[in-house]
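# Per-entry structural report
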Amino acid sequence: LAQAILAQQPASQPASQFVHVLIGKASAAMAAADAQKAVAQAPCSSGSCDGWLAPPAWLPRAPIWLLRTTASVVVFSSLWVWYWVLVAHCGGLCDDRGRVEIRSHCGHSCGQFFFLYGAMMTFVAAPVVCLLLVKAASSHFQVVAFYALMIWLQLWGRSVRFGGTWLHVLSDNQRNILYALFSIPWMTGVGTLFFIVLCRVWAFERSALLRTKATIMLPRSVVCMVLSMALMGVGLLGENCFGENVIGENGYFTGWDFFCVPILLGLGLMLGSYFAFAVLSCKFFADVLRLAAEAAKVCEGRMLEEVRRAELTARLQLVGVAASFLTTLVAFVGYMWFYILRNQSHQDAVFSQTAALLDAAGNLLGALSLSGALSGSLQGSYEAQDVERGRVRLRARMAKDWRPSGSSEWQRKVDELADRGLTLQSLLTFYKGLGREYMHGYDGSRHTTADVVRRAIIPLSRGAGAAYSCVMMGDVPTKPKKMVTHAWGNLFRNLVAAVIADALGEAEYAMVAYLLEHDVEQLESWINDAGKGGETYWICAFCVNQHRGICGSNPYNDRDPVTGAVHETCPCGLQKAFNDTAPLCEDGRSIDCEMNKFDDVMAMLAATSKDYKQVVAIDQEFKLFTRAWCVAELATASEMGMAQTVKVHSRRTLDKNTSWLGALRIEEMRATRPEDVADILAKIKDTVKFNLSLKALLFEKLFPSWRSLEMTDQMNRAGRIARWQQFSRKAGDQLVWKTSEDV
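Keep in mind the model is a prediction, meaning the values are calculated, not measured.

### Thoughts on the overall build of the chain
Helix and strand counts for the chain stand at 26 helices and five strands. Counting only residues that meet the buried cut, the chain has 52% of its 743 residues in that class.

Structure representation (structure tokens):
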């Protein structure tokens, strides 16, 4: 092997330079091995790996017509109950067997109270349910709407039970079956509430990259709850089939036998598991609130606003969970006191039924808090989801209409470019080698992407004469899931930070850039914990073969910002291909050129992969929006209906540049080659309309606010804040919070 390596050394090349090239090749080979290992160990291969704490993405989303039909049924059913009150009964009294007056065994009348109270609560619950059903845009919102619907069904069933004059025609067994059916909404509602809480916990812990006791104990509580229901079901079934008729005709327990044992065990286990779930859930959200409060003490500016929003989200979740669980526990105790302990006085009946109705009221408050209706998230996310549905329809239509290029040679080059993705792990491995194994003297605060291309990417790929992504991935064709739009004038550190921020779900990359400088191992640990090392990206600096383009010339005498030396050109000697290099297409564009096919690559990947997205890595000065090719990529992605996410350095930089961004015009964009601007403008039929759509893209679509996020997504953001606070507390480094405010 040594003889083979030495045989490759050119006679004219100094030994020291050859050694550096050799080290670069070895580092690239190691990076390729790490990349392949990351792909192999990735939790999934769909490109949307969420690691070990992913909330369910399989939730089906009900069609709008079904939601609105259900809301209409709720309204008419509630009005029907009040028709009963005002017309059918005319204020009369009736019991659950249809008798004109309800009297308990102790002689006290209470049926009218139960019926009117239930009817009133049913009517109050109806608009809440309708609001959630009509505004439930996402699947997670629809789960909360379903929970509210179960609450309404409980109230409606209670009204029917105490107001149903038709029940006297039913036998005792039929009435018992009917009452059992009335309990189904309660059990379904409890299960739905458990599921909602677990989704919130999963969302938080997925983004916080930590596993709390809630993750371990909450599912166990659910298992205990299911087991308790099974025990009660066995006991009740045995009682009805083989028991000694310990349930009297009024529905109360009149004695005890063998089958009462599983019933009581089930009730005890249910109460214990429900109480444990309630305590653990409240403690979990209280801990989230505490972490947000700690972060608020060291944050300032826009980051403080972000933390305050996280506090509000945690507080609303805590209020919703506490209201639902506590009132249900009170109602459960009231049920056991009245029906099991046989203390059936008039006052006990009023207490039991009032507790049940208060439980419904507390659950409604919980549904409103958990849905985000109290914070404006419900309406904001409904509007955002309406825009998202339009984007999905556009994506489907454009994918259906997409056709390969009429030129087979052009399409072959597009296909070749589309197979040059690289993994996040390989990118991070390359970054860790800067200043150590190659590009000695690298300064993350001064060297731009263009500098890294000249001093690292081109030299390291010289031996292969190919795009450096091919070297990094060991010549294994890799389809990217995301295209990164960026400006070469941005700091290379910030480009890498923006890509990592995308993988970790961060909206800003200032703090990620800080860790790249001070604790890159922590970032690597987070990436591994999240299972994001195998995420694939397309970055032009890596995925375009620079040896077929810019490597042989430096027309503007670009210099290294640290040493001041002019960047050296590459002596690879490969033939270059620019936009006017033959062979040409019918429209005059070069077939072999790789720098004029970005929009074609994007369009093809968007049409063939529904998961393909665009990541916009914006520099601190927002110069990206003055570069013609970057704006062209934004336009192409928008026209194709691609999902687009923006990564900014910090919110302060966004505020600083908002004024001039509002005056953006495509006619004033710049490019390295003036003819590229002419080509891009030639593709735009209406520049005025394009400028308006570009501004809408920037200020309405790409920068989502908390109000436009559903509560699960808000818990994701709260989890990311908690992750940074945990790191800050563990490392004793409060400066990480300050970086988002330093411009």
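### Re the packing of helix α17 (residues 510–518) against helix α18 (residues 520–530)
When two helices pack together, their arrangement is captured by the angle between the axes and the distance separating the axes. The interhelical angle for the contact between α17 and α18, taken along N-to-C directions, is 120°, at an axis separation of 6 Å. On the basis of their axis angle, the class for α17 and α18 is oblique. Of the residues in α18, those touching α17 at Val512, Leu515, Leu516 and His518 are Val520, Gln522, Leu523 and Trp526. Considering only residue class, the contact of α17 with α18 consists of six nonpolar, two polar and no charged.

### Focus on the environment of phenylalanine 690
Checked against the element boundaries, phenylalanine 690 lands in helix α24 (residues 687–701). On the basis of relative accessible area, phenylalanine 690 is assigned to the buried category, the value being 9%. A C-alpha to C-alpha distance of 8.7 Å links phenylalanine 690 and arginine 665, two positions 25 residues apart in sequence. When neighbours within four sequence positions are excluded, phenylalanine 690 is seen to be in contact with Val631, Ala635, Ile666 and Ile684.

### Overview of the confidence of the model for the chain
Predicted confidence across the chain gives a mean pLDDT of 76, with 73% of residues reaching 70 or more. Segment residues 90–109: pLDDT under 50, and 53 contacts once partners within four positions in sequence are set aside and those in other chains are kept. Scored below 50 in pLDDT, residues 245–255 shows 26 contacts in the model against residues more than four places distant or in partner chains.

### Quick look at the sheet that holds strand β4 (residues 613–617)
One open sheet holds the five strands; their spatial order is β1-β3-β2-β4-β5, and the pairing between them is mixed. The open sheet has two edge strands with one neighbour each: β1 (422–423) and β5 (643–647). Summarising the sheet, strand β2 (residues 482–485) and strand β3 (residues 536–538) pair through two bridges and their orientation is parallel. Looking across to β3, one finds that lysine 482 is bridged to tyrosine 537. Together, β2, β3, β4 and β5 form the strand contacts of helix α16 (residues 492–504), whose direction differs from that of β5 by roughly 125°. In the packing of helix α21 (residues 628–639) onto the sheet, contacts are made with β2, β4 and β5, and the angle to β4 comes to roughly 150°.

How each quantity is defined
- Residues numbered from 1 in each chain as written.
- Predicted model: local features only at pLDDT ≥ 70, side-chain atom pairs only at ≥ 80, totals over all residues.
- Heavy atoms only, no water.
- Helix = DSSP H or I, 4+ residues; strand = E, 2+ residues; numbered from the N terminus.
- Buried < 20%, exposed > 50% of the residue type's maximum accessible area, 1.4 Å probe, protein only.
- Axes fitted to C-alpha atoms, helices over the stretch in contact; angles between N-to-C directions.
- Parallel < 35°, antiparallel > 145°, perpendicular 65-115°, else oblique.
- Contact = heavy atoms within 4.5 Å.
- Nonpolar A, V, L, I, M, F, W, Y, C, P; charged D, E, K, R; others polar.
- pLDDT = per-residue confidence, 0-100.
- Pairing = 2+ DSSP bridges.

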